[in-house]
Amino acid sequence: MSLENISCQKSFGGWHKRYRHRSEVLGCDMVFAVYLPPQAEQGGKLPVLYWLSGLTCTDENFMQKAGAMRMAAELGLIIVAPDTSPRGPEVPGDPDGAWDFGLGAGFYLNATQEPWSRHYRMHDYVVQELPTLVEAHFPASDKRGISGHSMGGHGALVCALRNPGRYQSVSAFSPINNPMDCPWGQKAFSRFLGEDRSKWREWDACALIAEVDEKLPLLVDQGDRDDFLANQLKPEALQQAAKQAGHPLTLRLQPGYDHSYFFIASFIDEHLRHHAHALVG
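Thresholds applied
- Residues numbered from 1 in each chain as written.
- Predicted model: local features only at pLDDT ≥ 70, side-chain atom pairs only at ≥ 80, totals over all residues.
- Heavy atoms only, no water.
- Helix = DSSP H or I, 4+ residues; strand = E, 2+ residues; numbered from the N terminus.
- Rg over C-alpha atoms; globule rule 2.2 N^0.38 Å.
- Buried < 20%, exposed > 50% of the residue type's maximum accessible area, 1.4 Å probe, protein only.
- Contact = heavy atoms within 4.5 Å.
- Areas by Shrake-Rupley, 256 points an atom, 1.4 Å probe, with all protein chains shown as cover.
- Salt bridge = Lys/Arg side-chain N within 4 Å of Asp/Glu carboxyl O.
- Phe/Tyr/Trp six-rings, centres within 6.5 Å; stacked < 30°, edge-to-face > 60°.
- Lys NZ or Arg CZ within 6 Å of the ring centre and 35° of its normal.
- Arc of directions from axis to C-beta.
- Pairing = 2+ DSSP bridges.
- Axes fitted to C-alpha atoms, helices over the stretch in contact; angles between N-to-C directions.

**Student:** Please explain the overall build of the protein as it appears in this structure.
**Tutor:** The secondary structure content of the protein amounts to ten helices and nine strands. Taken over the C-alpha trace, the protein has a radius of gyration of 17 Å; the compact-globule value for 281 residues is 19 Å, and the two agree within 12%. A buried classification covers 59% of the 281 residues belonging to the protein. Long-range contacts, defined here as pairs at least 24 residues apart, represent 72% of the contacts in the protein between residues at least 6 apart. Surface summary for the protein: the accessible area is close to 11,100 Å², and the carbon and sulfur share equals 48%.

**Student:** In this structure, what is going on with the pattern of salt bridges? I would like to understand it.
**Tutor:** Any two side chains of opposite charge can pair, on the condition that their charged atoms come close. Following the criterion strictly, the structure yields 17 salt bridges and no others. Measuring nitrogen to oxygen at the nearest pair gives 3.2 Å for the salt bridge that ties Lys234 to Asp181. Taken as a pair, Lys234 in the loop between α8 (229-233) and α9 (235-245) and Asp181 in the loop between β7 (169-173) and α5 (183-193) lie far apart in primary sequence, 53 residues in all. By relative accessible area, which is 40% here, Asp181 ends up partly exposed.

**Student:** Mind showing me how you'd approach the packing of aromatic side chains here?
**Tutor:** What describes a pair of aromatic rings is the distance from one ring centre to the other and the angle between the planes of the rings. Enumeration over the complete set of coordinates arrives at 16 aromatic pairs. Ring plane angle 85 degrees and centroid distance 5.6 Å describe the contact between Phe173 and Phe263, whose orientation is recorded as edge-to-face. Highlighted residues: Phe173 in strand β7 and Phe263 in helix α10 (residues 261-279), separated in sequence by 90 residues. Here Phe173 matches Phe263 in class, with each residue buried. Taking the centre distance of 5.7 Å and the plane angle of 70 degrees together, the rings of Phe263 and Phe267 count as edge-to-face. Linking Phe263 with Phe267, this pair stays in helix α10, spanning four residues, or about one helical turn. For the pair formed by Phe263 and Phe267, the shared burial category is buried. Ring-pair connections join several aromatic residues into one group, and the members of that group are Trp51, Phe62, Phe173, Tyr257, Phe263 and Phe267. We note Arg162 situated over the ring of Trp203; from NZ or CZ to the ring centre the distance is 3.7 Å.

**Student:** When you look at unusual backbone geometry in this model, what are you seeing that I'm missing?
**Tutor:** Negative phi characterises most residues that are not glycine, and trans characterises most peptide bonds. Here the residue pair Glu114 and Pro115 is connected by a cis peptide bond, since its omega of 0 degrees sits within 30 degrees of zero. Tracing the backbone through its elements, the reader meets Pro115 in the loop between β5 (78-82) and α3 (122-137). One non-glycine residue, Phe12, lies in the positive phi region at around 50 degrees. Tracing the backbone shows Phe12 in the loop between β1 (4-11) and β2 (14-23). Positive phi, normally seen in glycine, also occurs at Lys234, with a value near 50 degrees. Residue Lys234 is classed as buried on the basis of its relative accessible area, which comes to 17%.

**Student:** Looking at this structure, I do not really get α5. What am I missing?
**Tutor:** Structural remark: α-helix, 3.6 residues per turn; residues separated by three or four positions point the same way. Of all the positions in α5, only Trp184, Gly185, Ala188, Phe189, Phe192 and Leu193 are classed as buried. One side of α5 holds all its buried residues, which, seen down the axis, span an arc of 110 degrees. The inward-facing, buried residues of α5 contact α4 (151-162), α6 (197-200) and α8. At the exit of α5 stands Gly194, carrying a positive phi of roughly 95 degrees.

**Student:** I would appreciate a short explanation of the sheet that holds β2 in the present structure.
**Tutor:** By definition, the strands of a sheet pair up through backbone hydrogen bonds, in either a parallel or an antiparallel sense. The mixed open sheet is built from nine strands, whose spatial order is β1-β2-β3-β5-β4-β6-β7-β8-β9. Strands at the two margins of the open sheet, each flanked by one partner only, are β1 and β9 (249-254). When the angles between neighbouring strand axes are averaged without regard to direction, this sheet yields 20 degrees. When strand β8 (residues 218-223) meets β9, the two strands line up parallel, connected through six bridges. The partner of Val220 across the bridge, within β9, is Leu251. Lying on the sheet, α3 is in contact with β2, β3 (28-36), β4 (46-52), β5 and β6 (140-148); it crosses β6 at an angle near 145 degrees. Contacts from α4 reach β4, β6, β7 and β8, with the element oriented near 135 degrees to β6.

Given below as structure tokens:
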């Protein structure tokens, strides 16, 4: 697959670049961003952290607001940030134009229902197609971590739990922990996956955590002033599921913080060190 470079900026001795490519999995053109730390020019391959953003976001939210590049440059981590959903005139969105479904809200699953199933296969894109592309075109090793925020936090947890051995580290900020039991998740799952709730379990971290053999430690940060905490995010459900499964989870409820990138920027260095510990050693 060919890549079209659409922007390039130097940052902390490395390079932030955005690319466009044709996705066979999603059936449309996609844009992703990559941060290449200065070590990328010294030869050898570097580990990669994949960042999944939340509802309404693109790759630009994290790269511009999280303040992650300084620490990534220090640690020698490549960061890759895909879009949150397929895009383009051929891709169906919410018929009512709602912001919490469809374009910008792909929920990092593989849709099975029409008209969504042709394009909305973000899980396969994130787990398979994009890493293959990144590892072919950049000095990227097969040591991978995954993280994300809100809907992207849900995506990070599910990608790691569904694909043992694929990732060496995982973390999340304010994830949608139990999408089967919250309005955002129920809306998305009923349309993307149909009304059979047994099929939803395949995309819910609280259900998956009871079934996996790999005990990859989870790091989750959640602000206690998050407007979506009680109704949509439900970290206590993940905590209970992890406890019952004996799965290692560090869940930190951070006092005073909300759902914004101010929260993410405040703790991103700790998350990057968490990933580097597993990926770099």
